[in-house]
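The residues making up each chain are set out below.
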Amino acid sequence: MAKQTLGFSSAVFRKKFRSAMTVRSYRDNEIIFAQGDKADAVFYIHSGTVKLTMAATRRKKAIIAVLPRSSFFGEGCLGGQSQRMYTARSIGSSNITRLQKESTLRALKRDRKFAELLNAYLLSRVIRVEEDLADQFFNFSEKRLARVLLLFGQITKESKPENPLKVSQGTLAEMVGTTRARVSKFMSAFKKKGFVYYNGGLQINSALVSAFLENRPMSVVTKT
């Protein structure tokens, strides 16, 4: 997840892309594109949240990312990807811009500022993926859950009070890579500690979760 907010507006995109862009609102759980679809556009989230899932044989499915406002997705087409490798689905209502692949490539060549912003965002996504991989291989599921909750903490902070983000324990279990029973156990403990509470939807005390992570022993040692 990008730490910076890019802040592109529909007007900015319209000025750059004109007829090569469209803006659409999506309902909760509505598919934006499906795994296997033609990869011919890049998407940008103006508001809302998007879940990326990948399905394999034998009914196996994994959540590979949950993206907040000001995120790009579907960028694989810019590197030659011909088919979508995952399904993108709206969590709650969302407003999303679709940018045609060819026009985006031209904009990257002509507009240095746009290219720098997009590249910075994509690099931040690479860093996030590396951190997630390290989590899966080396950290305990309790710590992985805490990191996932930090992500949702930012999303819920940006959510409208009348449309709170609702996240199931099954979804959390998929993202953490553990069982729903273990997530339920950890969430009960987190609730007692004040890390999370429910007020129409999941609410996270990001400060307490961050302090918890800082006090946990690191499983991956980095040189300083």
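Described in the following lines is the structure provided in the data block. Owing to the predicted nature of the structure, the values given are computational and were not obtained by experimental measurement.

Core analysis: the largest hydrophobic core is formed by 29 residues, its most contacted members being Phe13, Ile32, Phe72 and Phe73. Contributions of two or more residues to this core are made by helix H1 (10-17), strand E1 (21-26), strand E2 (31-33), strand E3 (41-55), strand E4 (61-67), strand E5 (72-73), strand E6 (87-100) and helix H3 (112-138). Looking at this core, the element that brings in the most residues is E3, giving seven residues. Excluding anything up to four places from it in sequence, phenylalanine 13 contacts Phe8, Arg18, Met21, Tyr44, His46, Phe72, Thr97, Leu99 and Phe114. Phe186, Leu202, Ile204 and Val209 belong to the second largest nonpolar core, which has 26 residues in total.

With 14 residues, helix H6 (residues 180-193) extends 20 Å between its outermost C-alpha atoms, agreeing within 8% with the 20 Å of an ideal straight helix rising 1.5 Å per residue. What H6 keeps buried is the set Val183, Phe186, Met187 and Phe190. Considered in projection along H6, the buried side chains sweep an arc of 105 degrees and stay on one side of the axis. Exposed and facing more than 90 degrees away from the buried side of H6 are Ala181, Lys185 and Lys192. Among the residues trailing H6, glycine 194 stands out with phi positive, at a value near 85 degrees.

Scanning all chains against the criterion turns up six salt bridges. Among the ionic pairs, aspartate 111 bridges to lysine 16, the shortest N-O distance being 2.3 Å. Pair noted here: aspartate 111 is in the loop between helix H2 (101-110) and H3 and lysine 16 is in helix H1, with a separation of 95 residues, a long-range link. Judged by relative accessible area, which is 34%, lysine 16 ranks as partly exposed. We note a salt bridge from glutamate 116 to arginine 112, for which the minimum N-O separation is 3.1 Å. With glutamate 116 and arginine 112 both in helix H3 and four residues apart, this pair spans about one turn of that helix. Here glutamate 116 falls in the partly exposed class, since its relative accessible area comes to 45%.

Rules behind the numbers
The residue numbering used here restarts from 1 in each chain and proceeds along that chain's sequence as written. The predicted origin of the model limits local features to residues at a pLDDT of at least 70 and limits the giving and counting of side-chain atom pairs to 80 or more, whereas totals for whole chains, interfaces and linings rest on all residues. Processing note: side-chain calculations cover all non-hydrogen atoms of the structure and skip hydrogens and water entirely. We define a nonpolar core as any set of buried Ala, Val, Leu, Ile, Met, Phe, Trp, Tyr and Cys residues linked to one another through side-chain atoms lying within 4.5 Å. When a residue's accessible area, from a 1.4 Å probe over protein chains only, is under 20% of the maximum for its type it is buried; when over 50% it is exposed; and in between it is partly exposed. Counting from the N terminus, the helices are DSSP H or I runs at least four residues long and the strands are E runs at least two residues long. Note on definitions: a residue-residue contact is assigned when non-hydrogen atoms from the two residues lie within 4.5 Å. Given the number of residues in a helix, its expected span is that number minus one, multiplied by 1.5 Å. What the arc covers is the set of directions going from the helix axis to the C-beta atoms. When a carboxyl oxygen of Asp or Glu is within 4 Å of a side-chain nitrogen of Lys or Arg, the pair counts as a salt bridge.

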